[in-house]
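Notes for the structure review
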Amino acid sequence: MGKNLAEKILQKHSPEEVKKPGQIIPCRVSLVLANDITAPLAVDSFRKMQAPRVFDADKIALVCDHFTPNKDIASAEQVQKVRLFAREMNITHYYEGGNVGVEHALLPELGLVGPGDVVVGADSHTCTYGGLGAFATGMGSTDIAAAMALGETWFKIPETIRVNMNGSLDEFPTSKDLILNLIGRIKVDGALYRALEFAGETLAELDAEARMTMANMAIEAGGKAGLFPVDQVTLDYCREHGRLGDDFLEPDQQAGYCMQVDMQVSGMPPQVACPHLPDKVAGVDDLQEIKVDQVVLGSCTNGRISDLRQAAQILKDRKVDKNVRLIVLPATPKIFAQALEEGLLEIFLKAGGIIGPPTCGPCLGGHMGILASGETCLATTNRNFKGRMGSLESKVYLGSPYVAAATAIAGRIIHPARV
Amino acid sequence: MHFKGKGHKVGDHIDTDAIIPARYLVTTDPEELGRNCMSGLEEGWVSRVSRGDILLGGKNFGCGSSREHAPIAILGAGIPVVIAHSFARIFYRNGFNMGLILMEVGDEIKKLGDGDELEVKALEGKIINHTTGDTVDSLPVPEFMADILAKGGLINYVRERVA
């Protein structure tokens, strides 16, 4: 039997022969990641493990992106703890100030993750790097501390669901709409303990950023990883971001899958996930009139340059509704600079948007855009759990950058073709 | 590994933002996290819990973020065991690493109700419902994870290896 993408990548990093799903294997890791919320606990566990040093100071990334710029004294002290640990261990990839971006946008941009890597991160959206053909998955802080000390971890070989996408996307639907549609179909536990592997002719229409948006939300279906094959699109992205020496990666012909999902993407309208789960998905035109108080454009899902370009295309020479706060958070300093250079920030400002620094901020109800009781937000983020962005009595809808921009103009959730 | 307490039932897909909202993640202190356990589900939820009580979850318990603060908050609230239909993957690993006992029982979860007096024999995977007289068996813990537990948890396992 051939190997699927997850099995192929894990095999490359494990001394044991990968035979079948359910098997537990030790595995070397290419990069270990933690952020300002999860690293402090990882540091505590690392101390308790009494490891004298990290396994490789070049293969650990500590990215303080969640509550930064530090929102209060407690979060400042958490960042301080991470900073001191990074200095003590001579961690090469420590990011906090003007060099910090939202971790899952930042690491691909720096060329630190890519094809065939095994990446573990103390953040559930670590699965983003599957968009570049890495086996990447989230874990808790203590598992991450163990990986920092040993340079290895253990995995249960997951079963894989193959997602065959065929057809061609219409003008406004994006990869965000594809992944929302998929989660709506297989539900929030549809890929529990499993990997998703994306395939089909539609792949050719998806650039690397679009693929990362999809892989990012694999966890929203419970998935362990969301994997894309490595093709010329991936290799071009990696080369552009200073990462050389990668090769094509495809699943074997006779690879095993526990399930196949076929998606016909032609004619699919933009999708919106309704409160309070990412699987409560509807076509944007099927929603009753839903007024919003806030729109958030950003996050590890949709805060990249292509996302900002899409939103700017809709917002150019338009005004945000007077009852709406549009918050734009470019995901990294580089994206911020590029958006400035391309005139996108000017479009957002003139439209009445608020531009903030790269941060996870409001996505997890951290800061910079918290909702009051009774308020509604449409966000390009990844989770709409009850209370996720603030009050337990607030609501979050999830959509693409096009839908976000259109919604900001109309003051209600609307198809981008109708503004 | 033997526990007795009252069961507190919550629904399906209880996410980590419900278990411990992000605004409380500015600390790693178990007591403080415990005081806000489940406050993303309902403010003041934890006031119903007595030390040693047992949490009863539905499908996909602990979905969402990787925050280890979630099992720490449950332990900090004085709850040593969570019994659920099924667990989200990251939460499952975290629970074991933090010493929270997790028992997966599938549809049998229906036999355990809110307020029932429960007895848990964790090593045998047995749950006795003293209110109804029902007995429920949990799915076995994967062998490899049981090994890590037997070594005293992941921290001890790594400590031995780096020594």
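Given the structure is predicted, the values throughout are model-derived calculations rather than measurements. (Residues numbered from 1 in each chain as written. Chains lettered and ligands numbered in written order. Predicted model: local features only at pLDDT ≥ 70, side-chain atom pairs only at ≥ 80, totals over all residues. Heavy atoms only, no water.)

Considerations on the pattern of salt bridges
Counted under the stated rule, the structure contains 27 salt bridges over all chains. Between A:K59 and A:D56 there is a salt bridge whose closest N-O contact spans 3.9 Å. With a relative accessible area of 24%, A:D56 lands in the partly exposed category. When salt bridges that share partners are traced, they join A:R28, A:E152 and B:R161 into one network. (Salt bridge = Lys/Arg side-chain N within 4 Å of Asp/Glu carboxyl O. Buried < 20%, exposed > 50% of the residue type's maximum accessible area, 1.4 Å probe, protein only.)

Points about the sheet that holds strand β9 (residues 194-199) of chain A
Residues and elements named next belong to chain A. Spatially, four strands are ordered β10-β9-β8-β11 in an open sheet, and the strand pairing comes out parallel. Of all strands in the sheet, those with a lone pairing partner are β10 (225-227) and β11 (259-264), marking the two edges. Taken over all neighbouring pairs, the strand axes of this sheet differ in orientation by 20° on average, direction set aside. Where strand β8 (residues 159-166) meets β11, six bridges bridge the pair, whose relative direction is parallel. For N166, the partnering residue across the bridge sits in β11 and is Q264. Those strands touched by helix α6 (residues 175-186) are β8, β9 and β11, and its axis lies near 130° from that of β11. (Pairing = 2+ DSSP bridges. Helix = DSSP H or I, 4+ residues; strand = E, 2+ residues; numbered from the N terminus. Axes fitted to C-alpha atoms, helices over the stretch in contact; angles between N-to-C directions. Contact = heavy atoms within 4.5 Å.)

Section: the pairing of strand β2 (residues 31-35) of chain A
All names here are of chain A. For β2, a buried count of five out of five residues is recorded, marking the element as mostly surrounded by other parts of the structure. Both faces of β2 are covered, namely the face carrying L31, L33 and N35 and the face carrying V32 and A34. Examined bridge by bridge, β2 and strand β5 (residues 118-121) share three bridges and lie parallel to one another. The residue of β5 that forms the bridge with L33 is G121. Relative to strand β3 (residues 60-63), β2 runs parallel, the two sharing four bridges. Residue pairing for β3: V32 is matched across the bridge by I60. Note that the unit made of β2, helix α2 (residues 39-48) and β3 has a crossover that is right-handed. (Right-handed = clockwise from strand over helix to strand, strands pointing away.)

Side note on the domain arrangement of chain A
Interface size is commonly expressed as the accessible surface area that is lost when the partners come together. All names here are of chain A. Looking at chain A, the domain boundaries give domain 1 (5-13 + 26-150 + 158-263) and domain 2 (273-418). Carbon and sulfur atoms supply 63% of the area buried between domain 1 and domain 2, which totals about 3000 Å² over both sides. Across the pair R383 and E220 runs a salt bridge, and its minimum N-O distance is 2.5 Å. Inspection of the domain 1/domain 2 interface yields 21 residue pairs in polar contact (both at pLDDT 80 or more). Contributing elements (two or more residues each) for the side of domain 1 that touches domain 2: α4 (103-109), α6 and α7 (208-216). Considering every element that reaches the side of domain 1 that touches domain 2, the biggest residue donor is α6, with six residues. Of the residues in the side of domain 1 that touches domain 2, the class split is 14 nonpolar, 15 polar and nine charged. (Domains from an automatic or database assignment. Buried area = accessible area lost by both parts, 1.4 Å probe. Polar contact = N/O pair within 3.5 Å; in protein donor to acceptor, adjacent residues only side chain to side chain. Nonpolar A, V, L, I, M, F, W, Y, C, P; charged D, E, K, R; others polar.)

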